[in-house]
Amino acid sequence: NAGVTQTPKFRVLKTGQSMTLLCAQDMNHEYMYWYRQDPGMGLRLIHYSVGEGTTAKGEVPDGYNVSRLKKQNFLLGLESAAPSQTSVYFCASSGKQGEGNQPQHFGDGTRLSIL
Amino acid sequence: SQQGEEDPQALSIQEGENATMNCSYKTSINNLQWYRQNSGRGLVHLILIRSNEREKHSGRLRVTLDTSKKSSSLLITASRAADTASYFCATPAPNSGGYQKVTFGTGTKLQVIP
């Protein structure tokens, strides 16, 4: 039982390049999230999904796109990378169970540097 | 926008001592969560406390919630070097229908010295 797996773990890009970060979860969770973590700023929500085929914007969505074609996968795309997108990216998932938030399960992150 | 804010930002204690960190938030909430993040790893869920609970325990962890003061505290008793990590509180994001989203604070960085 792997939980949440993020691919790749590290990546260096040049400004203007594109790439896709992959997140996979094996817990049959409905909700999936992409966050970025920058020093001194905590985690900020980029995009999230409440089910297969649905996505929604979070707090900092500009410059990113997402897709959730399969329930277990949530992809984060950078179409034209900028140095300001240098960050650590975390994917998380949670179940949907009655009222109130459910615990989120996190992957170990993708460390992305944009030169 | 940030809902929860941890205090202190950093805390250094000797092994065996207790560690207390606090979280204050701005709007009424249904629940509050605490997470731990070890260096270079993802966040790990520790405990969730609901608004009708005042205190909750899990092993060496004790969480309190005071909805009148809009604050929560996380107490780690008899700390160990392995408790060295950053700790975050998470509260339901404002205007988040269906409790789909949470917002995280900037965290308390705890160092436990052996």
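Quick look at the structure, then.

**Looking at the pairing of strand E9 (residues 87-94) of chain A**
Residues and elements named next belong to chain A. Most of E9 sits inside the fold, with eight of its eight residues counted as buried. Residues of E9 alternate between two faces, with Ser87, Tyr89, Cys91 and Ser93 on one and Val88, Phe90, Ala92 and Ser94 on the opposite face, all of them buried. Pairing of strand E4 (residues 31-37) with E9, which is carried by seven bridges, proceeds in the antiparallel orientation. For Trp34, the partnering residue across the bridge sits in E9 and is Cys91. In the sheet, E9 pairs with strand E10 (residues 105-106) via two bridges, with the strands oriented antiparallel. Across the sheet, Ala92 pairs through a bridge with Phe106, a residue of E10.

**Re the interface of chain B and chain A**
Contact residues are listed per partner, giving 23 residues for chain B and 23 residues for chain A. Interface area, chain B with chain A, both sides summed: about 1900 Å², of which 48% is carbon and sulfur. Scanning the region where chain B abuts chain A turns up one salt bridge. The partner of Asp108 of chain A in a salt bridge is Arg41 of chain B, with the nearest N and O atoms 3.0 Å apart. Residues that form the side of chain B that touches chain A fall into these classes: eight nonpolar, twelve polar and three charged.

**Concerning the packing of aromatic side chains**
Tallied over the entire structure, the rule returns eight aromatic pairs over all chains. Site record: aromatic cluster; members linked through ring pairs are Tyr33, Tyr35, Tyr48 and Phe106 of chain A together with Tyr35 and Phe104 of chain B.

**Focus on the pattern of salt bridges**
Residue and element names in this part refer to chain A. Throughout the structure, instances matching the rule amount to six salt bridges over all chains. With its nearest N and O atoms 3.0 Å apart, the salt bridge here joins Lys71 to Glu30. Highlighted residues: Lys71 in the loop between strand E7 (64-67) and strand E8 (73-78) and Glu30 in the loop between strand E3 (19-25) and E4, separated in sequence by 41 residues. A salt bridge links Arg44 to Asp38; the shortest N-O distance between them is 2.8 Å.

**Things to note about the layout of surface pockets**
Considering only enclosed or pocket space, the largest pocket measures out at about 510 Å³ in volume. Lining the largest pocket are 26 residues, with Gln37 of chain A together with Gln37, Ser86, Phe88 and Lys109 of chain B positioned closest to its centre. Residue assignment for the lining of the largest pocket shows that the elements contributing at least two residues are E9 of chain A together with strand E9 (85-92) and strand E11 (108-113) of chain B. Top contributing element to the lining of the largest pocket by residue count: E11 of chain B, with four residues.

**Considering the sheet that holds strand E6 (residues 55-58) of chain B**
Residue and element names in this part refer to chain B. Strand order in the open sheet formed by five strands is E1-E3-E8-E7-E6, with antiparallel pairing between adjacent strands. For this open sheet the edge positions go to strand E1 (4-7) and E6, each flanked by a neighbour on one side alone. The average angle at which neighbouring strand axes cross in this sheet is 20°, direction not considered.

Parameters at a glance
Residues numbered from 1 in each chain as written. Chains lettered and ligands numbered in written order. Predicted model: local features only at pLDDT ≥ 70, side-chain atom pairs only at ≥ 80, totals over all residues. Heavy atoms only, no water. Buried < 20%, exposed > 50% of the residue type's maximum accessible area, 1.4 Å probe, protein only. Helix = DSSP H or I, 4+ residues; strand = E, 2+ residues; numbered from the N terminus. Pairing = 2+ DSSP bridges. Contact = heavy atoms within 4.5 Å. Buried area = accessible area lost by both parts, 1.4 Å probe. Salt bridge = Lys/Arg side-chain N within 4 Å of Asp/Glu carboxyl O. Nonpolar A, V, L, I, M, F, W, Y, C, P; charged D, E, K, R; others polar. Phe/Tyr/Trp six-rings, centres within 6.5 Å; stacked < 30°, edge-to-face > 60°. 1 Å grid on protein atoms, 1.4 Å probe; cavity = no way out; pocket = protein on both sides within 12 Å on 5 of 7 lines; lining within 4 Å. Points joined across faces, edges and corners; volume = space filled by probe spheres on them. Axes fitted to C-alpha atoms, helices over the stretch in contact; angles between N-to-C directions.

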